[in-house]
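Residues per chain are reported as follows:
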Amino acid sequence: MSPLNKVEFISIASGKGGVGKSTVSVNLAVALARLGKKVGLIDADIYGFSVPDMMGIDKSPVVRGDTIIPVERFGVKVISMGFFVEDNMPVVWRGPMLGKVLDQFFRDVEWGDLDYLLLDLPPGTGDVALDIHQMLPASKEIVITTPHPTAAFVAARAGAMAIQTDHEVLGVIENMSWFESKETGKKEYLFGQGGGPKLAEELQAPLLGQIPLGQPDWNEEDFAPSVYLEDHPTGKIYGEIAEQILAQFAKKQ
């Protein structure tokens, strides 16, 4: 079994789909790696796996005997259901089988020496999310929402589930907070305002950051459609969030 007893687990959760939880997971993992941390990322959104595509990963894990060697990109070791499904076929398994896959991702993957292992959870409070809460009693949680009041209202359920299963909520990240025009520099609040701060207040956790709508600058040579460069304005926001997370863990030691 991989030596995961010293690793800090961080689960990235949301109340509903479509709030950019996987994008946040990927960029947060990369930001922590840029700060010199040894980072792993499990794409635990078994039905909606997207991490390999977002990170521009075109390799598959190597299997040595009973051990799976994760794929590394941008200094992050990655494992995903997407590596084991051919031609983007849908996953039509039932709950118990999914639980076994997640168990394999913990037990049979050669993670090596990690500081942080991030889990991109499925949206909501279903079986897979509950399985992970029970498998990892020491996991900390980050809840993702958009500024829209309904998204924040639904996200509160994911936060409440974390608290009910004795998971500490590290904080809230508000995604799609505004759109900034390149021509005028004016911010447009397309989904309203206030969802992130309201959710943070409700969960009694810090608002770690607000991330604008946008997309990274693509580079055909180093293609990764969802990863922001370190010096991109949004990349800098992720860097600041990663620093806040490290400061929180440093306080607890």
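All values reported here derive from a predicted model rather than from experimental measurement. (Residues numbered from 1 in each chain as written. Predicted model: local features only at pLDDT ≥ 70, side-chain atom pairs only at ≥ 80, totals over all residues. Heavy atoms only, no water.)

Enquirer: Please clarify how the environment of proline 61 should be interpreted in this entry.
Expert: Examined against the element boundaries, proline 61 turns out to sit in the loop between helix 2 (51–54) and strand 3 (62–64). Under the relative-accessibility criterion, proline 61 is labelled buried at 13%. (Helix = DSSP H or I, 4+ residues; strand = E, 2+ residues; numbered from the N terminus. Buried < 20%, exposed > 50% of the residue type's maximum accessible area, 1.4 Å probe, protein only.)

Enquirer: I keep staring at the side chain of glutamine 248 and nothing clicks. Help me out?
Expert: Structurally, the position occupied by glutamine 248 is in helix 7 (residues 233–252). Once residues within four sequence positions are removed from consideration, glutamine 248 is found in contact with Leu170, Pro206 and Leu208. (Contact = heavy atoms within 4.5 Å.)

Enquirer: Explain the packing of helix 5 (residues 149–164) against helix 6 (residues 195–203) to me, please; I cannot follow it from the model alone.
Expert: Geometrically, a packed helix pair is captured by the angle between its two axes and the distance between the axes. Across the interface, helix 5 lies against helix 6 with an axial gap of 10 Å and an inter-helix angle of 30°. In this view, helix 5 runs roughly parallel relative to helix 6, as classed from their interaxial angle. For the pair helix 5 and helix 6, the crossing hand works out as right-handed. Residue-level inspection shows Ala152, Ala155, Ala156, Gly159, Ala160 and Ile163 of helix 5 in contact with helix 6, the latter providing Gly195, Leu199, Glu202 and Leu203. Along the lines of polarity and charge, the residues of the contact of helix 5 with helix 6 split into seven nonpolar, two polar and one charged. (Axes fitted to C-alpha atoms, helices over the stretch in contact; angles between N-to-C directions. Parallel < 35°, antiparallel > 145°, perpendicular 65-115°, else oblique. Left-handed = near helix turned anticlockwise from the far one by under 90°. Nonpolar A, V, L, I, M, F, W, Y, C, P; charged D, E, K, R; others polar.)

Enquirer: Explanation requested: the sheet that holds strand 5 (residues 71–73) in the structure shown.
Expert: Read from one edge to the other, the open sheet built from eight strands follows the order 5-6-2-7-1-8-9-12, with strand pairing classed as mixed. A strand with exactly one partner marks an edge of an open sheet, and here the two such strands are strand 5 and strand 12 (207–211). The mean inter-strand angle of the sheet, taken between neighbouring strand axes irrespective of direction, is 25°. Note: strand 9 (residues 168–175) against strand 12, four bridges, orientation parallel. For glutamate 174, the partnering residue across the bridge sits in strand 12 and is glutamine 210. In this fold helix 5 packs onto strand 1 (8–14), strand 8 (140–145) and strand 9, with an angle of close to 170° to the strand it touches most, strand 8. Across the sheet, helix 7 is in contact with strand 1, strand 7 (116–120), strand 8, strand 9 and strand 12; its angle to strand 12 comes to roughly 170°. (Pairing = 2+ DSSP bridges.)

Enquirer: Just checking my understanding: could you explain the pairing of strand 7 for this structure?
Expert: Taken residue by residue, a regular strand's side chains alternate between the two faces of the sheet. For strand 7, a buried count of five out of five residues is recorded, marking the element as mostly surrounded by other parts of the structure. Here strand 7 shows no split at all, with Tyr116, Leu118 and Asp120 on one side and Leu117 and Leu119 on the other all buried. With five bridges joining them, strand 1 and strand 7 adopt parallel strand pairing. Looking at the pairing, isoleucine 10 lines up with leucine 118 of strand 7. Where strand 2 (residues 39–43) lies against strand 7, five bridges are found, and the strand directions are parallel. The residue of strand 7 that forms the bridge with leucine 41 is leucine 118.

Enquirer: How do you make sense of the nonpolar core when you look at a structure like this?
Expert: Generally speaking, soluble globular proteins have nonpolar side chains that are buried together. Within the largest apolar cluster, 63 residues are counted, with the highest numbers of intra-cluster contacts made by Met55, Leu118 and Ile142. Broken down by element, the residue count for this core peaks at eight residues, all from helix 1 (residues 21–34). Leave out the neighbours within four places in its chain, and leucine 118 touches Ile10, Ile12, Ser25, Leu28, Ala29, Leu32, Val39, Gly40, Leu41 and Ile42. With 11 residues, the next largest nonpolar core counts Ala156, Ala162, Val172 and Leu199 among its residues. (Core = buried A, V, L, I, M, F, W, Y, C linked by side-chain atoms within 4.5 Å.)

Enquirer: Help me out: how do you make sense of helix 6 in this one?
Expert: One full turn of an α-helix is made of 3.6 residues, so residues set three or four places apart face in the same direction. Of all the residues in helix 6, the buried ones are Gly195, Gly196, Leu199, Ala200 and Leu203. On an axial view of helix 6, the arc spanned by its buried residues comes to 130°, and they lie on one face. Turned more than 90 degrees away from the buried face of helix 6 sit Lys198 and Glu201, all of them exposed. On the buried face of helix 6, the contacting elements are strand 8, helix 5, strand 9 and strand 12. Glutamine 204 lies just past helix 6 and shows a positive phi near 50°. (Arc of directions from axis to C-beta.)

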